Every structure is written in C-alpha cells, then in structure tokens.
Amino acid sequence: MIDREFWKKKYAHTWKNAKRRVLKVIEVLEDRGIKAKPCGFFATSTEYVKESPEEKGEPDLIIPSVENFVEVTGPDKPVSKEADLWIREDKFEYAENHPEKEIWVAHILESEDNLIRFLRLGGEAKERYTLIHPTIRGTPETYRSIPADDPNLYSLKRFCGHIKNN
C-alpha cells in the first residue's frame, strides 16, 4: 500500500526552514521593487494538512506584475557556493507541463549570506542537467544537478533586471 503522505511526514520538521526561505525571497525581491506573493500549496505555512496539491512541483510564489512563478528551495545544512545546486525533478516536470507559464526556481544558500541564484525551468532546461539519486535521511530521492558556474543561473541582480524589463 502506498502512503500518500510519506513525503509530508518525512519533511514536516523542515517546513519552518522552507517558510523562512520563501519569506526571505519575498523580502529581497520587495527590497528591489518587485512584488512577490505566495501562491503555492501552503507556501508559507508550517501547518500539517492531509490534503495534497493538485500537482506536484507547484511553485511557491507569483510575481503578479509579469505573471512569473518562483519555486523557492535550498539546503537545510551549510553548502558551499561552489557546490552543484540540486533541484527536485518534480519542479522541472511541473514547468514542462505548464509551458504557458514562466517558471523559475530560486535556490538560496543561507549559509553563504543568503546567496540566491535563479534558474528558469521549462523548455529544454531539464535535459541540460544530470539526473541524480542521492540518499537523504535514509531515502533515495531524485534531483537534477546544476553546476554552480552554469551560465543559465541568474544572480539576484540579473533576475531582477529580467523581471523589470518584462
């Protein structure tokens, strides 16, 4: 029997970290004149609910002025800014299933002075990156590995410029 709440149960203790990251991205965007608001399934909540999103990988934020969507992610443990970024496979799949939307992922490294890098998902993005299956907390997971020096990664400044020019 499949436990539909397996991942929720496994990661419920990390939701406060996820919420903090989402709020940090909202704050830094708003500090640069870009309004962002939560839109994903309980994006800024730590409440345990039995429901699940209609579709896995739904982004956390919307930038209403340009109708761009942003998924916020990052490690719970310190990671070097030179390390590859790991983005869950379902984030790429969601973007693939919604080509009408401009979807980005914001990868934040709190251990590196809140370094935030952005990657546009969708199109051929998924095929550019290696599929990996690390074991985390005793469970194999599926990610795409993005090199830290990948030219498709946007700095916060470059991302904000992109948003303001659209």
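See above for the structure.
Here the structure is a predicted model, which means the values were calculated and not measured.

A. Structural view of the nonpolar core. Grouped together as the largest cluster of nonpolar side chains are 22 residues, with contacts concentrated most on Leu-29, Ile-63, Val-70, Phe-118 and Phe-159. Of all the secondary-structure elements, those providing two or more residues to this core are helix H2 (15-31), strand E2 (61-63), strand E3 (68-73), strand E5 (102-109), strand E6 (115-121) and helix H5 (156-164). It is H2 that contributes the most residues to this core, five residues altogether. Those residues in contact with Phe-159 that sit more than four places away from it in its chain are Leu-29, Ile-63, Val-70, Trp-104, Phe-118 and Tyr-154. In terms of nonpolar packing, the next biggest core, distinct from the first, is built from 15 residues, Ile-62, Phe-69, Ile-103 and Leu-121 among them.

B. Spatial organisation of H5. Listed as buried for H5 are Leu-156, Phe-159, Cys-160, His-162 and Ile-163. Within H5, the buried residues cover an arc of 155° as seen down the axis, which keeps them to one side. Exposed residues pointing more than 90 degrees away from the buried face of H5 are listed as Lys-157 and Lys-164.

C. The arrangement of the pattern of salt bridges in detail. Tallied over the full model, the rule gives 11 salt bridges. Residue Arg-120 pairs with Glu-102 through a salt bridge whose shortest N-O separation is 3.5 Å. Separated by 18 residues along the polypeptide, Arg-120 in strand E6 and Glu-102 in strand E5 bring together distant segments of the chain. Its relative accessible area of 38% is what places Arg-120 among the partly exposed residues. Take Glu-102: its relative accessible area is 14%, and that puts it in the buried class. If you follow the salt bridges from partner to partner, you end up with Arg-20, Arg-21, Asp-76 and Glu-110 in one network.

D. Quick peek at the sheet that holds strand E10 (residues 143-146). On the basis of which strands lie adjacent, the open sheet formed by three strands has the order E4-E10-E7 and antiparallel pairing. Taken across any chain shown, the strands that pair with only one partner, and hence form the sheet edges, are strand E4 (85-88) and strand E7 (130-132). Neighbour-to-neighbour, the strand axes of the sheet open up by a mean angle of 40°, direction not taken into account. Alignment of E4 against E10, held across four bridges, turns out to be antiparallel. When the sheet's bridge partners are listed, Arg-88 is paired in E10 with Tyr-143. Along the sheet face, helix H3 (residues 89-97) touches E4, E7 and E10 and points at about 60° away from the line of E4.

About the criteria used
Residues numbered from 1 in each chain as written. Predicted model: local features only at pLDDT ≥ 70, side-chain atom pairs only at ≥ 80, totals over all residues. Heavy atoms only, no water. Core = buried A, V, L, I, M, F, W, Y, C linked by side-chain atoms within 4.5 Å. Buried < 20%, exposed > 50% of the residue type's maximum accessible area, 1.4 Å probe, protein only. Helix = DSSP H or I, 4+ residues; strand = E, 2+ residues; numbered from the N terminus. Contact = heavy atoms within 4.5 Å. Arc of directions from axis to C-beta. Salt bridge = Lys/Arg side-chain N within 4 Å of Asp/Glu carboxyl O. Pairing = 2+ DSSP bridges. Axes fitted to C-alpha atoms, helices over the stretch in contact; angles between N-to-C directions.

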